[in-house]
Amino acid sequence: SGDDAVYDGPMWWNGDWEISGDNCTCMGNVYVLEDISTSGWGDVEIFGDLYYGGSRSGNITVHGNSYNYFPLGDYPDTINLDYYEAHYHVKYTAADQMADEDGTESPGDYVRLTFNADGTIDVNGGLDTITIPAGGIIIYGDNCNIRVQGTVHGRVTVVAQRLKVRNDLFYANGTHSASEDDSFAGISIYEIYYVSQTGAMEVHGSFYQQDTSNSELDTDNNDYDLYGTRNRGHHVAEVGDWTLHYDPYLNEFPSPGLPEKAKIINWHLR
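A brief look at the structure comes next. None of these values were measured; they are calculated from a predicted model.

## A word on the pairing of strand β19 (residues 155–160)
Moving residue by residue along a regular strand, the side chains alternate between the two faces of the sheet.
At step 1: For β19, the tally of buried residues reaches 5 of 6 residues, placing the bulk of the element in the interior.
At step 2: In terms of strand pairing, strand β17 (residues 137–142) meets β19 through 4 bridges, oriented parallel. The residue bridging Ile139 from the neighbouring strand is Val158, located in β19.

Okay, here's the thing in structure tokens:
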């Protein structure tokens, strides 16, 4: 954890959680599969209950109850890409990538998706335009990196080799939460980069990184707010104050392909 990190809502940590940041706060219940501890000057204050399956040590203040067991199951380590490859609406390959003008990550080539409040998506600076269908859209990057930004109107899932969230990614509904009309999920096989060079950064959606390393966060010392969920920690480079807000409506209004579940289309008994 970085210094002064605030986690707004319940948090589920699938493994050990070592808090190295100073003055960290959790505004909700905390679930840690294994050990929870602090190191160095790290400390955390939990305004809720703490559940941990291993050990507890260090500067941890719990204002609710503390339970030495983990009531939930493991978060899945992998995703089934076969589903998205079979059910995508739009597919891009490495040949569709363009050089990324930020020049801050390697590799620096991405398909650039800019979301508009009217339910369209500009591709690579306007070379193409996609209209999001009423039932939502799955955009699949086959060995392809994808960059996203803008105002999402529709239900969208983006699957990429590497995913970059650039500047802001808002919902068009005017709230910080998913809704029947607006929902976003970003799934990355390798890294996810959250990068802003234009000021404070606000991101809405659910983000899943299959690679076990931390995602990269760099806002050029500006503030950062994520309204949604993510399954990896942040490797903080240059960032101001940052807060992670849980969005319970992502469960009620998931984007296409989430969660993966079987549907019985017809059933015959003899």
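And the narrative resumes.
## Quick look at the nonpolar core
At step 1: Grouped together as the largest cluster of nonpolar side chains are 53 residues, with contacts concentrated most on Trp17, Leu113 and Phe115.
At step 2: A per-element tally of this core places strand β20 (residues 163–171) first, with 4 residues.
At step 3: Residues in contact with Phe115, not counting those within four places in the same chain, are Thr120, Ile121, Ile132, Val148, Gln149, Gly150, Thr151, Val152, Val156, Val158, Leu169 and Phe184.
At step 4: Ranked by size, the runner-up nonpolar core spans 6 residues in total, among them Ile138, Tyr140, Val159 and Tyr208.

## Let's talk about the side chain of Ser255
At step 1: Residue position: Ser255 is located in the segment after α2 (249–252).
At step 2: For Ser255, a relative accessible area of 4% translates into the label buried.
At step 3: Beyond its immediate chain neighbours, meaning those up to four positions away, Ser255 contacts Arg155, Val156, Thr157, Ser183, Phe184 and Ala185.

## Let's talk about the packing of aromatic side chains
At step 1: Inspection of the entire model under this criterion finds 14 aromatic pairs.
At step 2: Plain terms: the ring middles of Tyr51 and Tyr67 are 4.8 Å apart, the flat faces sit at 20° to each other, and that makes the pair stacked. Here Tyr51, found in strand β8 (residues 50–52), pairs with Tyr67, found in strand β11 (residues 66–67); they are 16 residues apart in sequence, far enough to count as distant.
At step 3: Owing to a relative accessible area of 28%, Tyr67 belongs among the partly exposed residues under this scheme.
At step 4: Ring-pair connections join several aromatic residues into one group, and the members of that group are Phe115, Phe184, Tyr194, Phe207 and Tyr224.

Calculation notes
- Residues numbered from 1 in each chain as written.
- Predicted model: local features only at pLDDT ≥ 70, side-chain atom pairs only at ≥ 80, totals over all residues.
- Heavy atoms only, no water.
- Buried < 20%, exposed > 50% of the residue type's maximum accessible area, 1.4 Å probe, protein only.
- Helix = DSSP H or I, 4+ residues; strand = E, 2+ residues; numbered from the N terminus.
- Pairing = 2+ DSSP bridges.
- Core = buried A, V, L, I, M, F, W, Y, C linked by side-chain atoms within 4.5 Å.
- Contact = heavy atoms within 4.5 Å.
- Phe/Tyr/Trp six-rings, centres within 6.5 Å; stacked < 30°, edge-to-face > 60°.

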